[in-house]
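Tertiary structure, described
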Amino acid sequence: MYQSCCRGLCLPPHGRLQAALPAAEGGHKLELESSAVAAGSALCELPCTARRLGARVQTQPSASQTQSPWHTDSRVPRPQGLRPRPLRRPRHRREPSAAPGPRSLSPAPAAVSLRRAAAARRRPRTGPRAKSGFARLQGNKKSETMAGKPKLHYSNGRGRMESIRWLLATAGVEFEEQFIEKKEDLEKLRNDGYLLFQQVPMVEIDGMKMVQTRAIGSYIAAKYNLYGKDLKERAWIDMYVEGTTDLMGMIMYLPFQAADTKEKNLALIIERATTRYFPVYEKALKDHGQDYLVGNKLSWADIHLLEAILMAEECKPDILSAFPLLQAFKGRTSNIPTIKKFLQPGSQRKPPTDEKAVAMVKKIYNI
């Protein structure tokens, strides 16, 4: 069997090497004897060198075991221009991973490549394209914010929309208003199919065009966690809201009544408020001894009650004189930050209905 040198050329264990170099390289004919020791060292370079120069390598058996004259005999000239083959730097082989990752074009390890890619993604872009993209992103955010605001369609007055304004303001939700200022505005909403039952108020929210005051109020209350934690609490909230709705309905229609019946109806409102409605809420606060009507947590019922109290005080300023717990309730809820802001001048809260507002509403709605 042949022994292999470090260049992959097989030599006989005890052989004789004859290398005939081309005439261009001097025409020397080298005869070397190889041994088991010299095969791994001295004879390693010559066969590979001769092979690169196009020499024909022949091996002949020999019985002598002498060291190669390549290193001992100075008479043997070294071929000109021959240099040892440089060692190549081994390429790094990426270890196979369980999960396939992005291919790395560099010889760096896979983990380093992943870190470099993550750093490149975090690096902010520069230049005009980056600026224009950032500007478009800001514009999209602004348009989404504007599109996400509820839009209220009603006349510029209290009416049935005022309770919805109270709910949104208490929840801290910004909203837009599209006022119906003439009869043609109402007809356009009807012709466009926006009004399910051909009447307002109508609120655009979450991709819906909602009508019916009670449905709108319950949706907003549930959406912003103002509708109790379970069905039982919601039932109590509904009962309290319906009671204050009856009282506010009487106050709402008072400006539209004839002058000869207005005083009589005002007296009826005060009598119903002090004997039918307010005693119920006073008793509820007294029985459970909590700050709010249901679950000791602010709910739609509390917001509606505060709105009714303020409307009743517009009819008679001292209407709560016999209800100390309601007075304390009014002070607590009025100081809630969002409600306090809504009660300030310049907010979207509407003033009491005056003669001008009455004339506008009658013209729009054919009353």
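From a predicted model like this one, the values you see are computed outputs, not experimental measurements.

1. Description of helix 7 (residues 213-223)
- Within helix 7, burial applies to I216, G217, S218, I220 and A221.
- Contact partners of the buried residues in helix 7: helix 5 (162-170), strand 8 (202-205), strand 9 (208-211) and helix 10 (300-315).

2. What to know about helix 10
- Its 16 residues give helix 10 an end-to-end C-alpha distance of 23 Å, which sits within 8% of 22 Å, the value for a rise of 1.5 Å per residue.
- Of all 16 residues in helix 10, 14 are buried, a share of seventy percent or more.

3. Focus on the environment of P324
- Along the chain, P324 turns up in helix 11 (residues 324-334).
- Residues P324 and E282, spaced 42 residues apart in sequence, show a C-alpha to C-alpha distance of 8.1 Å.

4. Description of the sheet that holds strand 9
- Strand order in the open sheet made by the four strands is 7-6-8-9, with mixed pairing throughout. Both outer strands of the open sheet, strand 7 (176-179) and strand 9, are each paired with one neighbouring strand and no more. The sheet shows a mean angle of 20 degrees between the axes of neighbouring strands, taken without regard to direction.
- Relative to strand 9, strand 8 runs antiparallel, the two sharing four bridges.

5. Focus: the layout of surface pockets
- By volume, the largest pocket amounts to about 590 Å³.
- In terms of lining, the largest pocket is formed by 28 residues, of which the most central are Y154, G159, R160, V361 and Y365.
- With three residues, helix 13 (residues 355-365) is the largest single contributor of residues to the lining of the largest pocket.
- Residue composition of the lining of the largest pocket, grouped by class: 14 nonpolar, nine polar and five charged.
- Space inside the second largest pocket adds up to approximately 370 Å³.
- Along its surface, the second largest pocket is lined by 22 residues, and R160, S163, T213, T245 and H304 are the ones closest to its centre.
- At the level of secondary structure, the elements contributing two or more residues to the lining of the second largest pocket comprise helix 5, helix 7, helix 8 (231-253) and helix 10.
- Across the lining of the second largest pocket, the residue classes break down as eight nonpolar, seven polar and seven charged.

Parameters and conventions
Residues numbered from 1 in each chain as written. Predicted model: local features only at pLDDT ≥ 70, side-chain atom pairs only at ≥ 80, totals over all residues. Heavy atoms only, no water. Buried < 20%, exposed > 50% of the residue type's maximum accessible area, 1.4 Å probe, protein only. Helix = DSSP H or I, 4+ residues; strand = E, 2+ residues; numbered from the N terminus. Contact = heavy atoms within 4.5 Å. Expected span 1.5 Å × (residues − 1). Pairing = 2+ DSSP bridges. Axes fitted to C-alpha atoms, helices over the stretch in contact; angles between N-to-C directions. 1 Å grid on protein atoms, 1.4 Å probe; cavity = no way out; pocket = protein on both sides within 12 Å on 5 of 7 lines; lining within 4 Å. Points joined across faces, edges and corners; volume = space filled by probe spheres on them. Nonpolar A, V, L, I, M, F, W, Y, C, P; charged D, E, K, R; others polar.

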